[in-house]
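An overview of the molecular structure
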Amino acid sequence: MTTLADIRTLVSNDILRDAHNRVRTLSILDRAINQAYKRVQQDMYWMLDGDMATTINITTGVQNYDLPVDTNFIERVVYNDTQNRELTRIDRTETDAEVALPRQYFIENKQIWLYPVPSTNGSITIMYSWMFPTLTVITDELLTIQELDRTIASLASSILLKQVMRLDQSQVREQEYLVGIAKAKMTMLRDANLTFTTI
């Protein structure tokens, strides 16, 4: 698998012509790489397996619980009882003293808040889309297909070049990114043996 160190080298060789990152600090380089990495997830969301589920035990009288750290967005929340009721998402509500089986939830400060306040112990299952973790250590591995390594490096280079107003070169790297995404999508479709019918 490709690591953060590998992408640093690709970007450094691409725009700095310096494999030792003497021109820009590692924090600036890593910020651009992570921006590119997140954009790949957005642009290829439907092709990357990002669905997860987790069960959280709930306690009588406790309204809020931490979400998994890799939560991108919540798809469904189910209260685990004989009916496995799906909870409804609401906008934040004022803390209410009502105590009953939860029917609704809202998200605030990376926590899920149940409403009403649980009247009994139990559990909920959260179905969510996970997000790529931020790359921070040189041994952190990218969670994408290998064909996207060069593509991520091209976009990171484009981001860095825009910062120093080298817009012509930035546009070239942005175009390389778009071509790389298109090729990766075609590769994934081919590997999945998907066929298209002309109507």
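All of the points below concern the structure found in this document. What you see is a predicted model; the values in this text were computed from it and never measured. (Residues numbered from 1 in each chain as written. Predicted model: local features only at pLDDT ≥ 70, side-chain atom pairs only at ≥ 80, totals over all residues. Heavy atoms only, no water.)

**Looking at unusual backbone geometry**
Negative phi is the rule for most residues except glycine; trans is the rule for most peptide bonds. Geometrically, the link from Y115 to P116 is a cis peptide bond, its omega value of -10° lying close to zero. Within the secondary structure, P116 is located in the loop between β8 (111-115) and β9 (117-118). Although it is not a glycine, N84 sits at a positive phi angle of roughly 45°. Here N84 lies in the loop between β3 (71-79) and β4 (85-86). (Helix = DSSP H or I, 4+ residues; strand = E, 2+ residues; numbered from the N terminus.)

**Thoughts on the sheet that holds β4**
Pairing is antiparallel in the open sheet, where 4 strands are placed in the order β1-β10-β3-β4. Bordering the open sheet on either side are β1 (51-58) and β4, each of which pairs with just one other strand. Here 7 bridges tie β3 to strand β10 (residues 122-130), and the two strands are oriented antiparallel to one another. Across the sheet, the residue bridging to Y79 is I124, located in β10. (Pairing = 2+ DSSP bridges.)

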